[in-house]
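# Summary of the model geometry
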Amino acid sequence: MKALILAAGYAVRLKELTRDTPKPLLEIGGRKIIDRIVEKIIKIGTIDSIYLVTNAKFFEKFNIWLKNSKYRDKISLINDGTTSNETKLGAIKDLEIAISEKHIDEDLLVIAGDNLFEFELDEFLKFAIAKRRNGVSIAVHDIRDRESAKRFGVVEIDKDKRVIDFEEKPSAPKSTLISTGIYYFPKGHLPFIKEYLATSEKSDAPGYYIGWLTKDRHVYGFVFREDWYDIGDIESFKKADSEYREKGE
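Residues numbered from 1 in each chain as written. Predicted model: local features only at pLDDT ≥ 70, side-chain atom pairs only at ≥ 80, totals over all residues. Heavy atoms only, no water.

### Thoughts on the overall build of the protein
Broken down by element type, the protein carries nine helices and 13 strands. Its C-alpha atoms give the protein a radius of gyration of 17 Å, near enough to 18 Å, the size a compact globule of 249 residues would have. Considered along the principal axes of its C-alpha atoms, the protein spans approximately 45 × 40 × 35 Å. The long-range share in the protein, meaning contacts at least 24 apart out of those at least 6 apart in sequence, stands at 74%. A total of about 12,000 Å² of accessible surface is found on the protein, and carbon and sulfur atoms cover 45% of it. (Helix = DSSP H or I, 4+ residues; strand = E, 2+ residues; numbered from the N terminus. Rg over C-alpha atoms; globule rule 2.2 N^0.38 Å. Contact = heavy atoms within 4.5 Å. Areas by Shrake-Rupley, 256 points an atom, 1.4 Å probe, with all protein chains shown as cover.)

Printed below as a string of structure tokens:
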């Protein structure tokens, strides 16, 4: 199994912190976000390679980080060639680039490089592997507030945990379950990404692709109750930093 970290965004809402530093390299509670994510992946024990796709602007920053990482032998960087938010390709296109460039032909765990989660990934993978013959799995969290849910991909699931609706940043959320940027794509579903990109102009948020998948194929939602942090703006960054320092993690 392979893992892919999506880290090619420009974090414009955090520009006072990310003008010269990519969001995944910011520190929360004294440790870089990317280090926390990588350690979660390594802890699984079944991932033999981790790919990280970034952009041309921050490629060297990640290269310096990688040279100093104790997991550098397991991680490969991918440069999507963009230099600004205006020219970015989008997470779905970056996903396709990584699959093509690294010739990925195995089940793939995909994680957005700008969030923090407290649950263990092996729990998610156990769920996803049990569903892999039928479809893709995503990790979802109950944010318990419909107003807050408007900022995310909102999910509806049935009693069998199948996603029956997925809407990216809806004006009227149908639930308070949100996608957290953690996905499991079985090997047989990887070609659908190219199919999606050939028929849609929306290549940014992965939620658009997940929503497309739910129309004709199965997607399942793993609901976790542990803490989850979306580092989207200065306020959420400070909140996460404060809470992690209090926990001493």
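Moving on, there is more to tell.
### Describing the packing of helix 4 (residues 91–101) against helix 7 (residues 191–199)
Their axes nearest at 10 Å, the elements helix 4 and helix 7 cross at an angle of 135°. The angle between helix 4 and helix 7 falls in the class oblique. Relative to helix 7, the crossing made by helix 4 is left-handed. Contacts from Ile 92, Lys 93, Leu 95, Glu 96 and Ile 99 of helix 4 reach helix 7 at Ile 193, Lys 194, Tyr 196 and Leu 197. Looking at the contact of helix 4 with helix 7 residue by residue, the class counts come to six nonpolar, no polar and three charged. (Axes fitted to C-alpha atoms, helices over the stretch in contact; angles between N-to-C directions. Parallel < 35°, antiparallel > 145°, perpendicular 65-115°, else oblique. Left-handed = near helix turned anticlockwise from the far one by under 90°. Nonpolar A, V, L, I, M, F, W, Y, C, P; charged D, E, K, R; others polar.)

### A short note on the pairing of strand 5 (residues 75–79)
Working note: regular strand, side chains alternate between the two faces of the sheet. With five bridges connecting them, strand 4 (residues 49–54) and strand 5 associate as parallel partners. The residue of strand 5 that forms the bridge with Thr 54 is Asn 79. (Pairing = 2+ DSSP bridges.)

### Some points on the environment of Asp 227
Along the polypeptide, Asp 227 turns up in the loop between strand 12 (218–224) and strand 13 (228–230). Counting along the chain gives 109 residues from Asp 227 to Glu 118, while the straight-line C-alpha distance between them is 5.3 Å. Not counting the four nearest positions on each side in its chain, Asp 227 is found in contact with Leu 116, Phe 117, Glu 118 and Lys 247.

### Here we look at the packing of aromatic side chains
Evaluated as defined, the whole model comprises 14 aromatic pairs. Ring plane angle 55° and centroid distance 5.5 Å describe the contact between Phe 127 and Phe 222, whose orientation is recorded as tilted. Remark: Phe 222 occurs in strand 12 and Phe 127 occurs in helix 5 (residues 121–131); sequence separation between them is 95 residues. We note that Phe 127, like Phe 222, is buried. A ring pair is formed by Tyr 196 and Tyr 209, whose centres lie 5.4 Å apart and whose planes are at 65°; its orientation type is edge-to-face. Of this pair, Tyr 196 sits in helix 7 while Tyr 209 sits in helix 8 (residues 206–216); the two residues are 13 residues apart in sequence, bridging distant segments of the chain. Taken together, Phe 117, Phe 119, Phe 124, Phe 127, Phe 222 and Phe 224 form an aromatic cluster joined through their ring pairs. The ring of Phe 192 carries Arg 217 above its face, with NZ or CZ at 3.8 Å from the centroid. Lys 247 extends its terminal NZ or CZ atom over the ring of Tyr 244, reaching a point 4.4 Å from the ring centre. (Phe/Tyr/Trp six-rings, centres within 6.5 Å; stacked < 30°, edge-to-face > 60°. Buried < 20%, exposed > 50% of the residue type's maximum accessible area, 1.4 Å probe, protein only. Lys NZ or Arg CZ within 6 Å of the ring centre and 35° of its normal.)

### Details of the side chain of Lys 23
When you line up the elements, Lys 23 lands in the loop between helix 1 (15–18) and strand 2 (27–28). You can call Lys 23 buried: its relative accessible area is 10%. The contact partners of Lys 23, leaving out residues within four places of it in the chain, are Ala 11, Leu 14, Thr 18, Ile 33, Asp 114, Ile 231 and Gly 232.

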